[in-house]
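So you can see what is in the structure, the chains are spelled out below.
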Amino acid sequence: MSISDRDLLPEGLEDRLPREAATTTRVMRAIHGVMHAHGYDRVLPPMIEFDETLAHRMAGIRSRRMFRFVDPQSLRMLMMRGDHTPQISRIAASRLAGAPRPLRLCYGGQVLLIRGDGLDPAREKLQCGAELIGVDNVAAASEIVALAIEAVQAAGATGVSVDFTLPDLVDVLAEQAFPLPPEAIEGVRRELDTKDAGGLVDAGGAAYVPLLYAAGEFDTAIERLAGFDAGGVLAGRIAALREIAARLGGTARLTLDPSERHGFEYQSWFGFTLYAEGVRGVLGRGGTYRIGGANGGEVATGFSVFPDALIDQISGAEPVEDSVFLPIGHDAEAAARLRAIGWRTVAALSEDDSARALGCTHVLTVEGPEPL
Ligand SMILES: N[C@@H](Cc1c[nH]c[nH+]1)C(=O)O
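For every chain, the first residue of its written sequence is number 1, and the numbers climb from 1 along that sequence. Local features in a predicted model are, by the rule used here, given only for residues with pLDDT of at least 70; side-chain atom pairs are given and counted only at 80 or more, and totals for whole chains, interfaces and linings are based on all residues. Hydrogens are left out, water is left out, and the side-chain values use all remaining heavy atoms of the structure.

The name given to the protein in an unreviewed UniProt entry is tRNA synthetase, class II (G, H, P and S), with Novosphingobium nitrogenifigens DSM 19370 as the source organism.

1. Overview of the site of the ligand
Note the cut-off: For this purpose, a residue is taken to be near a molecule or strand whenever a single non-hydrogen atom of the residue falls within 4 Å of it. Any pair of nitrogen or oxygen atoms within 3.5 Å is treated as a polar contact; in protein, a donor-acceptor pairing is required on top of that, and neighbouring residues in sequence qualify only through side-chain atoms on both sides. Only the protein chains shown count as cover for residues, and the accessible areas themselves come from Shrake-Rupley with a 1.4 Å probe. Note on conventions: DSSP H or I runs of at least 4 residues are helices, E runs of at least 2 residues are strands, and numbering of each starts at the N terminus.
Surveying the vicinity of the ligand reveals 14 residues, the closest of which are Asp83, Thr85, Glu131, Tyr266 and Arg285. Contact distances for the ligand include 2.9 Å between a nitrogen atom and a side-chain N or O atom of Asp83. In the model, an oxygen atom of the ligand is placed 3.2 Å from a nitrogen or oxygen of the Gln127 side chain. Expressed as a share of its isolated accessible area of 300 Å², the protein-covered part of the ligand is 96%. Going through the elements one at a time, β6 (124-133), β11 (284-291) and β12 (298-305) are the ones with two or more residues in the shell around the ligand.

2. Description of unusual backbone geometry
Comment: phi is negative for the bulk of residues other than glycine, and the bulk of peptide bonds are trans. Looking along the chain, the bond that leaves Arg101 and enters Pro102 is cis, with omega of -10 degrees. Topologically, Pro102 is positioned in the loop between α3 (85-93) and β5 (103-112). At Leu75, a position not held by glycine, the phi torsion is positive, near 60 degrees. Tracing the backbone shows Leu75 in the loop between β3 (68-70) and β4 (77-80).

3. Looking at the sheet that holds strand β2 (residues 48-50)
We count it as follows: The rule for pairing is simple: two strands pair if DSSP sees at least two bridges between them. To get an axis, a line is fitted to the C-alpha atoms, and for a helix only the part in contact is used. The angle between two axes follows their N-to-C directions and goes from 0 to 180 degrees.
Pairing is antiparallel in the open sheet, where three strands are placed in the order β2-β4-β3. Where the open sheet ends on each side, the last strands, each with one partner, are β2 and β3. The sheet shows a mean angle of 35 degrees between the axes of neighbouring strands, direction not considered. Note that β2 and β4 share three bridges and pair antiparallel. Considered in β4, the bridge of Phe50 is made with Leu78.

4. Details of helix α6 (residues 182-193)
Quick reminder of the rule: Helix span is expected to be 1.5 Å times the residue number reduced by one. Here the term buried applies to any residue with accessible area under 20% of the maximum for its type, exposed to any over 50%, and partly exposed to those in between, with areas from a 1.4 Å probe on protein chains only. Throughout, a contact is declared for two residues whenever any of their heavy atoms are within 4.5 Å.
Over its twelve residues, α6 runs 18 Å from end to end, which matches the ideal 16 Å to within 8%, given 1.5 Å per residue. Within the span of α6, buried status applies to Ala184, Ile185, Gly187, Val188, Arg189, Glu191 and Leu192. Looking at the packing, one finds that the buried side of α6 touches α5 (169-175), α7 (197-202) and α8 (209-213).

Put into structure tokens, the structure is as follows:
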């Protein structure tokens, strides 16, 4: 192997070589197959858009994480996409504003961030997912979580678990049940994120400490959350989470961490994170949100899967496909017939080409493909 300095890639960016690329193709096809089967239509937004079009689409988007530069042609600020969801929202709010609701759209492609996330140094990621536009109720949330589980299982994930959260929990509680001065809200959120009971008390959020213990296995955690919700402000959300969990009917292990906000930039009452056995980090994430717009916007529910870590996990077992070596002077029609029934062929370009060296498993003879 000879890689010189001139061949290096910037930190956090990498190539996918044939075996992993083959797994990638298979995984994306499986995920898109599931979304397509459930009535989601694929859209293909561009890699780059005007900065202001994306950055303000939903409240909470952290545009500083995204690559931005001035377009030498229009002299306007452009942004590379770091997430498809704001782009799908733009499409739904503009070109597909007149399409019937609920609108089901899906997508798949690369996203790019300036810096990796926590322990994950990757700056470019595959992201695919689905958005259900015009609804953010229990029925929508149940459909989206079930779809996300089915999609990652079709892609090869096993031991899937779903962690539910209530992304706007602190805002809701701070409003009346456990009032916080506006300047304390950020500190309470931060201490809940770090799950530090002492810090939470110091930040003025003593009333919020029980939330740290309402996390874990869904059935017990939701009981604890219900016990905590003395004033009843969370009753609707708790009932909704119970109903979503019941509708999933054992397709995945369920947990609850009501104050988890990591990665939830714009989600509203409902959020979830997907994990799978043996897959490093977060496999997917989703929830309900509000698309901003001139006339108050529109609600939506969706999910995104980041299949790279799953691909890393399963590509080692990617089967080597059979392929038939076609010697110089072979019967071209016979080769075409083989391809038509699913064979893969590799044609010799000179007498020097070797079937074995080119990784072929068969060679075409007058009798048909013969194993090597
Ligand atoms: N796009 C979000 C997940 C999501 C999709 N729809 C709603 N939420 C993310 O990547 O974190």
